[in-house]
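Structural description and commentary
So you can see what is in the structure, the chains are spelled out below.
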Amino acid sequence: MTTTTDTPRNAPLPLLVLGQGRDLASERGVECPGDLPAPSDAGLVERARAAKAALGERVFVLGHHYQRDEVIEFADVTGDSFKLAKEAAARPDAEFVVFCGVHFMAESADILTADTQTVVLPDLAAGCSMADMAAIDQVEECWDELVEAGVAGSTVPVTYMNSSAAIKAFTGRHGGTICTSSNARTALTWALEQAGEGGKVLFLPDQHLGRNTWARDLGGSLDACVVWDPHRPMGGLTPEQLRDATMILWRGHCSVHGRFSVEAVEAARREIPDVKVIVHPECRNEVVELADEVGSTEKIIKTIAAAPAGTAWAVGTELNLVRRLAAQFPEQRIVFLEKNVCYCSTMNRIDLPHLVWALESLAQGRVVNAIRVDPEVAHHARVALDQMLALPGETSKD
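Quick summary incoming for the structure in this document. (Residues numbered from 1 in each chain as written. Predicted model: local features only at pLDDT ≥ 70, side-chain atom pairs only at ≥ 80, totals over all residues. Heavy atoms only, no water.)

**Digging into the overall build of the chain**
- Looking only at helices and strands, the chain features 16 helices and 14 strands.
- Expressed as a percentage of its 398 residues, the buried residues of the chain come to 58%.
- Of the contacts formed within the chain by residues at least 6 apart in sequence, a portion of 67% connects residues at least 24 apart.
- As displayed, the chain has an accessible area near 16300 Å², and 49% of this comes from carbon and sulfur atoms. (Helix = DSSP H or I, 4+ residues; strand = E, 2+ residues; numbered from the N terminus. Buried < 20%, exposed > 50% of the residue type's maximum accessible area, 1.4 Å probe, protein only. Contact = heavy atoms within 4.5 Å. Areas by Shrake-Rupley, 256 points an atom, 1.4 Å probe, with all protein chains shown as cover.)

Structure, rendered in structure tokens:
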């Protein structure tokens, strides 16, 4: 379908499902033809309602923004990962916290909640590809090599919220802090102050957020960034490169946000009159530089919610959220930035059947898929999280 100026503003617009063809002339939208997950049947909806009602205030259900609508319907609170973990900690009377998100989020909730509470992840296979790109043994080896290169003493780790509890604990042990995408600038500024003149930051595990924060928010030079590849000796770097660098960026990325391209931004501007492009800072630097607005999941939602009727937006973040925004604000034209579908495949593992199974099991007295972080790991991870909470400014967005 070619783009025309008389296309109805809210008409369904197709996207291409990955692996199912290519059409450069196809217009963007938020509807997807092809083999997508089927909607849950009414029987499952009623079972979810009944199980949740039976548990009453004993259960508190959290739903991340990237979850399917069928799951969000049963969430007591929706939000980004850190907001949800804080919400869980603020509900000490809830015996069970059912976290509809991914594994690292449930771990953070377990760290921040009381020992009397149990965090449940409906599907243990709901992981995060970015978090999995930094294994604790790799990070420990990296630090040992930084010591060998003579730079560890002037390096402060800053770890993105999208990381395992073990990586957060590593950060706490080495005097660093956790950050979210909304307070990364504050966290990075603090870390560089701690490192002192000539100091460095080891930024884990998303290279793009680290690079964008350094270059876009702090005005730093891209030449001061190096990328540590955990699969190569000494990260693929020389001692001289490490000494000259300010930002040592872990070679990790978000599998969804990493797909957005310069070509997609340029195409959106050609095809959609007066479009504004808004993207998440996990996108590549060249994409971020071309966008009109850059911000966390919460900022994207608030920016679009505050925009006047008739505004056109091409949104570079997870597709479930973009579709939800398009439905919530029909007076605007809200489309997905890429033509290829970008669901978060691991986040989508939390579907209604898994949620029903978790809730019904709890209602019947069986605790399933409990997430419990080792106490020592939790202690050091909590040190890093508390350091983030002590930073000035907003810390509740990812």
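**Concerning the pattern of salt bridges**
- Taken as a whole and assessed by the stated rule, the structure comprises 15 salt bridges.
- For Arg49, the salt bridge identified is with Glu73, shortest N-O distance 3.1 Å. Of this pair, Arg49 sits in helix 1 (residues 42–55) while Glu73 sits in the loop between helix 2 (69–72) and strand 2 (77–79), placing them 24 residues apart in sequence.
- With a closest N to O distance of 3.8 Å, Arg91 and Glu87 form a salt bridge.
- Judged by relative accessible area, which is 37%, Arg91 ranks as partly exposed. (Salt bridge = Lys/Arg side-chain N within 4 Å of Asp/Glu carboxyl O.)

**Quick look at the side chain of Asp123**
- Residue placement: Asp123 occurs in the loop between strand 4 (118–120) and helix 5 (129–132).
- If near-sequence neighbours (up to four positions away) are discounted, Asp123 is found in contact with Arg349, Ile350, His354 and Asn369.

**Some remarks on the sheet that holds strand 5 (residues 155–160)**
- Read from one edge to the other, the open sheet built from five strands follows the order 6-5-7-9-8, with strand pairing classed as parallel. Edge positions in the sheet fall to strand 6 (177–179) and strand 8 (225–228), since each of these pairs with one other strand and no more. For this sheet the average axis-to-axis angle between neighbouring strands, irrespective of direction, equals 25°.
- Bridge count for strand 8 against strand 9 (residues 247–250) is four bridges, and the pairing is parallel. Bridging from a neighbouring strand, Val227 pairs with Leu249 of strand 9.
- Across the sheet, helix 9 (residues 207–217) touches strand 5, strand 6, strand 7 (200–204), strand 8 and strand 9, and the angle it forms with strand 9 is around 155°. (Pairing = 2+ DSSP bridges. Axes fitted to C-alpha atoms, helices over the stretch in contact; angles between N-to-C directions.)

**A look at the nonpolar core**
- Grouped together as the largest cluster of nonpolar side chains are 113 residues, with contacts concentrated most on Val98, Val279, Ile304, Ile334 and Leu337.
- With seven residues, the single largest contributor to this core is helix 8 (residues 184–195).
- With residues up to four places along the chain from it excluded, the contact list for Val279 reads Val287, Val288, Ala291, Glu293, Val294, Gly295, Ile300, Gly316 and Leu337.
- The next biggest cluster of nonpolar side chains, apart from the first, holds 20 residues, and it includes Ala134, Leu146, Leu204 and Leu242. (Core = buried A, V, L, I, M, F, W, Y, C linked by side-chain atoms within 4.5 Å.)

**Here we look at a negative patch on the surface**
- Side chains of Asp137, Glu141, Asp144 and Glu148 sit close together on the surface and give a patch of like negative charge.
- Here Asp137 falls in the exposed class, since its relative accessible area comes to 54%. (Patch = residues over 30% accessible without salt bridge, like charges linked within 9 Å, V, L, I, M, F, W, Y side chains within 5 Å. Lys, Arg positive; Asp, Glu negative; His and termini not counted. Charge placed at Lys NZ, Arg CZ, Asp CG, Glu CD.)

**Side note on the pairing of strand 13 (residues 333–336)**
- Here strand 13 shows a buried face lined by Arg333 and Val335 and a second buried face lined by Ile334 and Phe336.
- Following the backbone out of strand 12 (residues 312–316), through helix 14 (residues 319–328) and into the adjacent parallel strand 13, one traces a crossover that is right-handed. (Right-handed = clockwise from strand over helix to strand, strands pointing away.)

**Describing unusual backbone geometry**
- Residue Leu204 is joined to Pro205 through a cis peptide bond whose omega torsion reads -25°.
- Tracing the backbone through its elements, the reader meets Pro205 in the loop between strand 7 and helix 9.
- If you check the backbone angles, Met234 has positive phi at about 50° while not being a glycine.
- Positionally, Met234 belongs in the loop between strand 8 and helix 10 (239–244).
- In this model, Asn369 sits at a positive phi of 50°, which is unusual for a non-glycine residue.
- Along the chain, Asn369 falls in the loop between helix 15 (352–363) and strand 14 (370–371).

**Things to note about the packing of aromatic side chains**
- Applying the stated criterion to the full structure yields two aromatic pairs.
- Ring geometry for Trp143 against Phe170: centres 5.7 Å apart, planes inclined by 80°, an arrangement best described as edge-to-face. Of this pair, Trp143 sits in helix 6 (residues 136–149) while Phe170 sits in helix 7 (residues 165–173), and the two are 27 residues apart along the sequence. Both residues of the pair, Trp143 and Phe170, count as buried. (Phe/Tyr/Trp six-rings, centres within 6.5 Å; stacked < 30°, edge-to-face > 60°.)

**Focus: helix 7**
- For helix 7, the buried fraction is high: seven of the nine residues fall into the buried class.
- The complete set of buried residues in helix 7 reads Ala165, Ile167, Lys168, Ala169, Phe170, Thr171 and Gly172.
- At its buried positions, helix 7 is contacted by helix 4 (103–112), helix 6, strand 5, strand 6, strand 7 and helix 16 (375–390).
- Once helix 7 finishes, Gly175 follows within two positions and takes phi at roughly 75°, a positive value.

Taken by themselves, the reported measurements are silent on function.
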